[in-house]
Amino acid sequence: MKISDLDTPCLLLDLDVMERNIATMAAFFAGTPAKLRPHFKTPKSPEVARRQLSAGAIGITVAKLGEAEVLADAGLGPILMANQVVGPIKIDRLMALLARGVDITVAVESDFNVDQLAAGARRSGQRPQAIIEIDSGMHRCGTTDPAGTVRLARLLEENGIRYRGVMGYEGHTVHIEDATDRREKAGTALAIVGQHVEALAEAGLPAEIVSVGGTGTYNIGATWPGVTEIQAGTYVFMDGRYKTVMPEPFGCALTFLTTILSVKDAYAICDAGMKSLSRDMGMPEAADGSIKVRGLSEEHAHLVGDGVANLEPGDRIELIPSHGDTTLNMHDNYYVRRGEDVIDTWPILAARKFR
Ligand SMILES: Cc1ncc(COP(=O)(O)O)c(C=O)c1O
């Protein structure tokens, strides 16, 4: 099948570019003390995760139990859930994964989380495994003082939950455009994680896992003393927003194929709207910048730029999503391409697995 045979709007995944991104990251981590546990929130497809694991990733990071279930069904892991599991419905889903023999470790940040995990363990007879999330400056979830982290590690052990270490995601720094500034601010965040890790070691509770990092900071965390793994996700596809922060070394593998519906004097309209293409990180544009999205309504995009003059109704163009993760979450398949050939279709099995 050719790309011209596909109906639009749809997502194209350039296999060569993606495989280069995986190989580039694998080569980098071959020489660092920390290892890669890529975040599944980006590809949401076991086909991609399997390739990342084959290239040397030590496991997969997830945000949601639904993503973990997709990986478990595909026999992939070990899984680190970089998020808390809250409420008995989800706790019991976690226990069901453990009962299947799935190697999954989840994050906790409070006594409340430990109580809920312990209650789930009593109900199911399973032994959960946990890391403690540290707030390293992003001010999302996480413990804020090292003494509190030490106390929580003890509480895990006292409740029969296997304490494995810590995580601290420096998400407030990953998109800083100036590389020196990014390095400095990420360093401040990593130093906070380091204080907690030190306090744990002094208390006789050394962290086996110290997980940090994103695509914008993977190379900072990878050699940071004490860090054992990095949770970068976007690098595997890249997207428009990240490309402005880090033009190298990763290429944009994911594009959005859309059909031109109407051409006017100074603009054109295509069949891309907010129901298929996200704009939470800015407006998408063509790879060469000649066509830019000025606005998105539900099912239409307003296109401007020099390239619009060459368009005719029925033409098809490719746009680079500014935020790949929120765009791909609206789709069911990747059309895997090599040049103009569609060589495979991969279902995005974890799309919309937000529970
Ligand atoms: C907990 C966590 N870890 C890691 C990441 C890294 O992602 P990225 O590679 O997109 O920067 C994210 C991004 O949302 C995250 O929420």
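Residues numbered from 1 in each chain as written. Predicted model: local features only at pLDDT ≥ 70, side-chain atom pairs only at ≥ 80, totals over all residues.

**Section: the overall build of the protein**
This is how the line gets drawn: Strands here mean DSSP runs of E at least two residues long; helices mean DSSP runs of H or I at least four residues long; both are numbered from the N terminus. As a reference, a globule follows 2.2 Å times the number of residues to the power 0.38, and the radius of gyration itself is taken over C-alpha atoms. For every residue, the other C-beta atoms within 10 Å of its own C-beta are counted; 20 or more classify it as buried, 12 or fewer as exposed, and values in between as partly exposed. C-beta atoms are placed from the backbone. What counts as a contact is two residues whose backbone-derived C-beta atoms lie within 7 Å of each other.
Each helix and strand counted, the protein has 10 helices and 16 strands in total. In terms of overall size, the protein behaves like a compact globule, its C-alpha atoms giving a radius of gyration of 22 Å where 355 residues would be expected to give roughly 20 Å. In terms of principal-axis extent, the alpha carbons of the protein reach across some 70 × 45 × 35 Å. Among the 355 residues that make up the protein, the fraction classed as buried is 45%. Partitioning the contacts of the protein with sequence separation of at least 6, the portion at a separation of at least 24 is 67%.

**As for the sheet that holds strand β7 (residues 162-168)**
So the rule is basically this: Between any two strands, at least two bridges found by DSSP are needed for them to pair.
A sheet is described by the order of its strands in space; here 8 strands give the open sequence β2-β9-β8-β7-β6-β5-β4-β3, paired in parallel fashion. With partners counted over all chains shown, the strands left at the sheet margins are β2 (35-36) and β3 (60-62), one partner each. Two elements, strand β5 (residues 104-108) and strand β6 (residues 129-133), share 4 bridges in a ladder whose sense is parallel. Within β6, the position partnered with Ala 107 by the bridge is Ile 131.

**Quick notes on the domain arrangement of the protein**
By a widely used convention, the size of an interface equals the accessible area lost when the partners come together. Inclusion rule: What fixes the domain bounds is an automatic or database domain assignment. Residues were grouped as follows: Ala, Val, Leu, Ile, Met, Phe, Trp, Tyr, Cys and Pro as nonpolar; Asp, Glu, Lys and Arg as charged; and all remaining residues, including Gly, as polar.
Domain boundaries assigned for the protein yield domain 1 (3-10 + 248-347) and domain 2 (15-237). When each unit is reduced to the centre of its C-alpha atoms, the spacing between domain 1 and domain 2 is 32 Å. Between domain 1 and domain 2, the contact holds 15 residues from the first and 15 residues from the second. Where the side of domain 1 that touches domain 2 is concerned, the elements lending two or more residues are α10 (324-328), β15 (333-338) and β16 (341-347). Ranked by residue count, the leading element in the side of domain 1 that touches domain 2 is β15, at 4 residues. Split into classes, the residues belonging to the side of domain 1 that touches domain 2 amount to 10 nonpolar, 2 polar and 3 charged.

**Details of the nonpolar core**
Selection criterion: By convention the nonpolar core is taken to be a set of buried residues drawn from Ala, Val, Leu, Ile, Met, Phe, Trp, Tyr and Cys and joined through C-beta atoms within 7 Å.
With 93 residues, the main nonpolar core has Leu 71, Met 81, Ala 130 and Val 166 as its most contacted residues. For this core, the element with the highest residue contribution is helix α7 (residues 179-202), accounting for 6 residues. Two domains each donate at least three residues to this core, and these are domain 1 (3-10 + 248-347) and domain 2 (15-237).

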